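# Structural features, examined
Okay, here's what each chain looks like letter by letter:
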Amino acid sequence: MDNKKNITIGIDLDDTISSSNEMFIKYAKLYNKEKKINFKIDETQWDLDKSFGWNDNNYKEFCKQYLRTLLNEAEIKYNAAEKINKLKNEGYKIIIITSRNEKELNDMYSFTEKWLKNHNINYDKLIINSLQKEEECLKNKVNIFIDDNMKNCMNVYKKLQIPVFLFDGLYNTNDKYSNIERVYSWDEIYLKIKNIVEEN
Ligand SMILES: [Mg+2]
């Protein structure tokens, strides 16, 4: 990878750039209290039935009631904007690929654009509604991918055989896959990207 201008970095949004999960849990607790859902919340689970005791209707209702508020309140991860903007200034192409979709919020694209703007993140392209991130990565010639969802990471790695990083989270601590490296911060991601590019 000799020319940074030809390197595209695909980045997930929720719990890779933003800290949405914390807010999700806060409002999920509130929702369960209101709905008298007596379930011992398990923050280490990925699936909503196992973490909050929800079915699909609970999730739909929860989104209607709380999703806008919680995504708005979600803070940005430490140094995410600094490092992403630095990479962009150095010539890397930044594509944000999220499964957020318009069934959850009808103005999801502009709503998300606004959040990114409010947090001073510079990027080249925002893709929402991405259920198969490996397809978007292929279409957009992504060279390096970062996500907190192991399934997405594995699918992208299998399809493209590119460097893939899993952003650490409570719900993915037990997920392991030999070709996917776990990362804990944007400072670390930045250094690892530089290493990959300089080694090649
Ligand atoms: Mg995510």
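Criteria and thresholds
- Residues numbered from 1 in each chain as written.
- Predicted model: local features only at pLDDT ≥ 70, side-chain atom pairs only at ≥ 80, totals over all residues.
- Domains from an automatic or database assignment.
- Contact = placed C-beta atoms within 7 Å.
- Nonpolar A, V, L, I, M, F, W, Y, C, P; charged D, E, K, R; others polar.
- Axes fitted to C-alpha atoms, helices over the stretch in contact; angles between N-to-C directions.
- Helix = DSSP H or I, 4+ residues; strand = E, 2+ residues; numbered from the N terminus.
- Parallel < 35°, antiparallel > 145°, perpendicular 65-115°, else oblique.
- Left-handed = near helix turned anticlockwise from the far one by under 90°.
- Buried ≥ 20, exposed ≤ 12 C-beta atoms within 10 Å, placed from the backbone.
- Pairing = 2+ DSSP bridges.

Next up on the list: the domain arrangement of the chain. When the domains of the chain are assigned, the result is domain 1 (4-18 + 76-199) and domain 2 (21-73). In this complex, domain 1 contributes 7 residues to the contact, which on the side of domain 2 involves 10 residues. Classifying every residue of the side of domain 1 that touches domain 2 gives 4 nonpolar, 1 polar and 2 charged.

Take the packing of helix α4 (residues 80-89) against helix α8 (residues 186-199) next. Viewed as axis vectors pointing N to C, α4 and α8 meet at an angle of 20 degrees, and their least axial separation amounts to 8 Å. Taken together, the axes of α4 and α8 are roughly parallel relative to one another. Between α4 and α8 the crossing geometry is left-handed. Between α4 and α8, the residues in contact are Ala80, Lys83, Lys86 and Leu87 and Trp186, Asp187, Ile189, Tyr190 and Ile193, respectively. The residue inventory of the contact of α4 with α8, partitioned by class, reads 6 nonpolar, no polar and 3 charged.

Let's shift gears to the packing of helix α1 (residues 20-34) against helix α3 (residues 56-73). Geometrically, a packed helix pair is captured by the angle between its two axes and the distance between the axes. Between α1 and α3, the least distance of the axes is 9 Å, while the angle of their chain directions is 145 degrees. Where α1 crosses over α3, the two elements pack in a sense that is right-handed. Touching Ser20, Met23, Phe24, Tyr27, Ala28 and Tyr31 of α1 are Phe62, Gln65, Tyr66, Leu70, Leu71 and Glu73, all from α3. Split by residue class, the contact of α1 with α3 holds 9 nonpolar, 2 polar and 1 charged.

Further remarks concern the environment of Asn101. By secondary structure assignment, the location of Asn101 is in the loop between β2 (93-97) and α5 (108-118). Of the residues examined, Asn101 has 14 C-beta atoms within 10 Å and is grouped as partly exposed. Put simply, Asn101 and Gly169 are 68 residues apart on the chain and 22 Å apart in space, counted from C-alpha to C-alpha. Setting aside chain neighbours within four positions, we find Asn101 in contact with Met108, Ile128 and Asn129.

Quick look at the sheet that holds strand β3 (residues 125-127) now. With parallel pairing, 6 strands are arranged side by side in an open sheet as β3-β2-β1-β4-β5-β6. In this open sheet, the two strands that pair with only one neighbour each are β3 and β6 (180-183). Averaged over all adjacent pairs, the angle separating strand axes in this sheet is 20 degrees, with direction ignored. The sheet contact formed by β2 and β3 spans 3 bridges and is parallel. Paired with Ile95 across the bridge in β3 is Lys125.

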